[in-house]
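# Breakdown of the fold
Listed below are the residues making up each chain.
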Number of protein chains: 6
Amino acid sequence: MIYATRRATFNAAHRLFNPNLSDEENIDIFGKCSNPNWHGHNYVLEVVVAGEVDPNTGFLIDLKILRDIINKNILEKVDHKNLNLETDFLKGVIPTAENITIGIWNELVNKIPTGKLYSVKLYETENNYFEYKGA
Amino acid sequence: MIYATRRATFNAAHRLFNPNLSDEENIDIFGKCSNPNWHGHNYVLEVVVAGEVDPNTGFLIDLKILRDIINKNILEKVDHKNLNLETDFLKGVIPTAENITIGIWNELVNKIPTGKLYSVKLYETENNYFEYKGA
Amino acid sequence: MIYATRRATFNAAHRLFNPNLSDEENIDIFGKCSNPNWHGHNYVLEVVVAGEVDPNTGFLIDLKILRDIINKNILEKVDHKNLNLETDFLKGVIPTAENITIGIWNELVNKIPTGKLYSVKLYETENNYFEYKGA
Amino acid sequence: MIYATRRATFNAAHRLFNPNLSDEENIDIFGKCSNPNWHGHNYVLEVVVAGEVDPNTGFLIDLKILRDIINKNILEKVDHKNLNLETDFLKGVIPTAENITIGIWNELVNKIPTGKLYSVKLYETENNYFEYKGA
Amino acid sequence: MIYATRRATFNAAHRLFNPNLSDEENIDIFGKCSNPNWHGHNYVLEVVVAGEVDPNTGFLIDLKILRDIINKNILEKVDHKNLNLETDFLKGVIPTAENITIGIWNELVNKIPTGKLYSVKLYETENNYFEYKGA
Amino acid sequence: MIYATRRATFNAAHRLFNPNLSDEENIDIFGKCSNPNWHGHNYVLEVVVAGEVDPNTGFLIDLKILRDIINKNILEKVDHKNLNLETDFLKGVIPTAENITIGIWNELVNKIPTGKLYSVKLYETENNYFEYKGA
């Protein structure tokens, strides 16, 4: 079993806001992250696939194929987007880094052609990152 | 003459949009960067001060003081903000990285207590950065 | 289960020295790291918490709370300190990166309010890092 | 159990090419990575050892010793080399990052004097990295 | 005057070898860098353009255009190439980082549509980088 | 004219303390940086040499020679040392990053065999760095 990681980046706007709570409660929990005028991040995404090496190619998975899968299924939906308003796989959840990470996992888990999705990591800032390995 | 640099980071939303142009012209020039629902970045700011070393302290400038000047004059106005809507020193300009860099210079140039402001650098993504050294 | 990581940095002095051994033995084992006049590092600390996402907040743990826990319990005891002389949780051990990492784990393991401490990582230089996940 | 990581770098040339396939099939699978005139990388290697801390030294393993083991067994065979032509432990395999990672594991697994080899990580570019923890 | 920098990366093979010198002299000067079987690097390129901000766009230069100029004029000639054998603008010079940097400058200096080429920086390893600002 | 940079790192202890001032004044100016039990840093040093490319070698300066000059004249005097007590070229000055940077310049300026010393940069933390280009 070998683990292959592909890194990608995207830039997006979001705000942390729970519509079931009052504005005061939102500010109390989320502080400046709940600014109604939005803020944003340069997110760094790492997608880890686990499996066996194909002796014919020496690859676990052709990372150009993995890159294209990430581009089509994730980056097109989040890059230069508003994660609260425009990203279908985040509808109904607060777009915290935790929920973005889980959402990316769910989008990708059935689309890996060789090996299996092992982990999704998301860096929101240089001080905060998140990882999900499935339920 | 020695050069002392202080680094800071902030997260903000923006869109590139010229209100004097049509929507089509804006999309033509700015592409996905003109998304009306905004996007955002983790900006990295470097402020460079130039001057002489004070033999009493060994400092050109106490970087804790420079940090506080950056916090009060810049970060409070841009961190977790919408640069188009909420940042006074960017009113009337398109908040490209070029204009943000120049705006930060103008905010800081008269507020450095020791030495002189030499350069402002702004990294918008890992592939793009900007520098301004005054008019 | 999701993993949330908070990064922090601190600057400290130390020397590697076992008082039960002779000076010659110390130099033999630790070389220049046993310099009696000390040396120091910019340590980078990563604290990983594992648990479930709270649907009310979208957080595993509010990272501002985790930051404050790290500041109070770790950074106040190690930042700009001498790890041999001044850090209570390192009393009686040689302050190698291994022992600092384990000491930080022990300080934090019962103080995480949401989720559980999963891992402590410590980078001593750009070429050396350490991780501990408990006994 | 603690995990200690030592990082090293090397620069090498390679091409991805399966001699059992036609040139067209090689280009189809490997694209520009199969250029017969070679290309190369700055590889970053991380070797992770797991084990107990020796109370006499505070070390899991003296990282200077681990560095020397990596230098002698790996770097001398790959640094400034052609991985297809000159590296004995890659004979007979396509020198993909996957196979280099596994080859390094096999070279090191029986040469760790204290603790056990836990993982070998190899960064081929800033966007691609690989990890192997044994069969 | 503002300075805008675009970063790009490429992977290439080379060897340091002066055909006017004997093999012994080459080894004496270049050591393992003259390995006849080649070695390679992940080069990081930074291209700096200087000029005025266009008030209509807020740009010095649209960095997507600069990216395309770099791709067409530089990356297509060096990425996954052998710099000794395949890169036209390095014909007749030893492909040291110095000469690659100067060669990239010469390729780009007359192709910048807005502002002027100010500097070309090239990182060959994490410990070595080079800059050229014209003759 | 081309600029060649060599990067090196060292780990050292220091404290900021002016012996001509009272303890209270030292604490007032330097805060926790004046801790009498010391603290330390992983310093990153960049030495920039400027000059012409030798057509015989393609080098401005053989960076292995520059590395050896830095090792002998700087790293042997600062790495794993106490900068207040043990570094001859810092005797009589407060070892702030400013003074260390100037001291390194003075040590190196007459020892560059090819080209001229152009700049010395010193990173003390990830947020603070300094540059000196001579008097």
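Refer to the structure printed above.
Below or above, wherever it landed, is the structure these notes cover. In this text, all values refer to a predicted model and were calculated from it rather than measured experimentally. (Residues numbered from 1 in each chain as written. Chains lettered and ligands numbered in written order. Predicted model: local features only at pLDDT ≥ 70, side-chain atom pairs only at ≥ 80, totals over all residues. Heavy atoms only, no water.)

The next thing to look at is the pattern of salt bridges. Side-chain pairing between opposite charges can occur once the charged atoms of the two side chains come close. Tallying each qualifying case throughout the model produces 30 salt bridges over all chains. A salt bridge links K32(A) to D79(B); the shortest N-O distance between them is 2.8 Å. Placement of K32(A) in the loop between α1 (23-30) and β2 (39-51) and of D79(B) in the loop between α2 (63-78) and β3 (81-82) is noted, with the two residues assigned to different chains. Looking at D79(B), the relative accessible area reads 16%, which means it is buried. A salt bridge links D62(B) to K64(B); its shortest N-O distance comes to 3.6 Å. According to the relative accessible area criterion, D62(B) is buried, its value standing at 17%. (Salt bridge = Lys/Arg side-chain N within 4 Å of Asp/Glu carboxyl O. Helix = DSSP H or I, 4+ residues; strand = E, 2+ residues; numbered from the N terminus. Buried < 20%, exposed > 50% of the residue type's maximum accessible area, 1.4 Å probe, protein only.)

Between the two copies, chain C and chain D, the superposition gives an RMSD of 0.0 Å; the rotation angle is 120° and the shift along the axis is 0.0 Å. What the rotation and shift describe, once combined, is the action of a three-fold rotation axis. (Least-squares fit on C-alpha atoms with pLDDT ≥ 70 in both.)

Bringing a negative patch on the surface into the picture now. A surface patch of like charges, here negative, comprises D23(A), E24(A), E25(A) and D28(A). For E24(A), the position within the fold is in helix α1. (Patch = residues over 30% accessible without salt bridge, like charges linked within 9 Å, V, L, I, M, F, W, Y side chains within 5 Å. Areas by Shrake-Rupley, 256 points an atom, 1.4 Å probe, with all protein chains shown as cover. Lys, Arg positive; Asp, Glu negative; His and termini not counted. Charge placed at Lys NZ, Arg CZ, Asp CG, Glu CD.)

For the match of chain F to chain C, the screw axis carries a shift of 0.0 Å, the RMSD comes to 0.0 Å, and the turn is 180°. Taken together, these values place the two copies in the relation of a two-fold axis. Comparing contact sets, 100% of the residues at the interface of chain F also lie at the interface in chain C, consistent with an isologous, same-surface contact. (Contact = heavy atoms within 4.5 Å.)

The partner chain C presents 23 residues to the 23 residues of chain F that form the contact. Of the roughly 1800 Å² buried between chain F and chain C on both sides combined, carbon and sulfur atoms contribute 43%. On the chain F side of the interface with chain C, the three residues burying the most area are N37(F), N42(F) and H80(F), jointly 31% of the side's total. Counting residues per element, the ones that place at least two in the side of chain F that touches chain C are β1 (2-14), β2 (39-51), β3 (81-82) and β4 (116-125) of chain F. With five residues, β1(F) is the largest single contributor of residues to the side of chain F that touches chain C. Tallied by class, the residues present in the side of chain F that touches chain C amount to five nonpolar, 11 polar and seven charged. (Buried area = accessible area lost by both parts, 1.4 Å probe. Nonpolar A, V, L, I, M, F, W, Y, C, P; charged D, E, K, R; others polar.)

This brings us to the side chain of N35(C). Mapped onto the elements, N35(C) comes out in the loop between α1 (23-30) and β2 (39-51). Only 2.9 Å separates the side chain of N35(C) from the side chain of E86(F), close enough to count as a polar contact. When neighbours within four sequence positions are excluded, N35(C) is seen to be in contact with R15(C), H80(F), K81(F), N82(F) and E86(F). (Polar contact = N/O pair within 3.5 Å; in protein donor to acceptor, adjacent residues only side chain to side chain.)

Our focus in this paragraph is the packing of aromatic side chains. Under the definition given, this model contains 30 aromatic pairs over all chains. Plain terms: the ring middles of Y3(E) and Y118(E) are 4.8 Å apart, the flat faces sit at 65° to each other, and that makes the pair edge-to-face. Of this pair, Y3(E) sits in strand β1 (residues 2-14) while Y118(E) sits in strand β4 (residues 116-125), and the two are 115 residues apart along the sequence. A cation over a ring is seen here: K133(A) above Y3(C), with NZ or CZ 5.4 Å from the ring centre. (Phe/Tyr/Trp six-rings, centres within 6.5 Å; stacked < 30°, edge-to-face > 60°. Lys NZ or Arg CZ within 6 Å of the ring centre and 35° of its normal.)

Here the focus is the environment of R15(B). Residue and element names in this part refer to chain B. For R15, the position within the fold is in the loop between β1 (2-14) and α1 (23-30). Spatially, the C-alpha atom of R15 lies 8.9 Å from that of K32, the residues being 17 residues apart in sequence. Of the polar contacts made by the side chain of R15, one reaches the backbone oxygen of S34; its length is 2.8 Å.

If you look at the interface, chain C gives 20 residues, while chain D gives 20 residues. The largest share of the area that chain C buries against chain D comes from E98(C), N127(C) and Y129(C), three residues that together contribute 35% of it. For the interface between chain C and chain D, the tally reads zero salt bridges. Where chain C meets chain D, there are nine residue pairs in polar contact (both at pLDDT 80 or more). Every element with two or more residues in the side of chain C that touches chain D is listed here: α1, α3 (97-108) and β5 (128-132) of chain C. The element best represented in the side of chain C that touches chain D is β5(C), accounting for five residues. Sheet analysis places β5(C) next to strand β1 (residues 2-14) of chain D, joined by five bridges and oriented antiparallel. (Pairing = 2+ DSSP bridges.)

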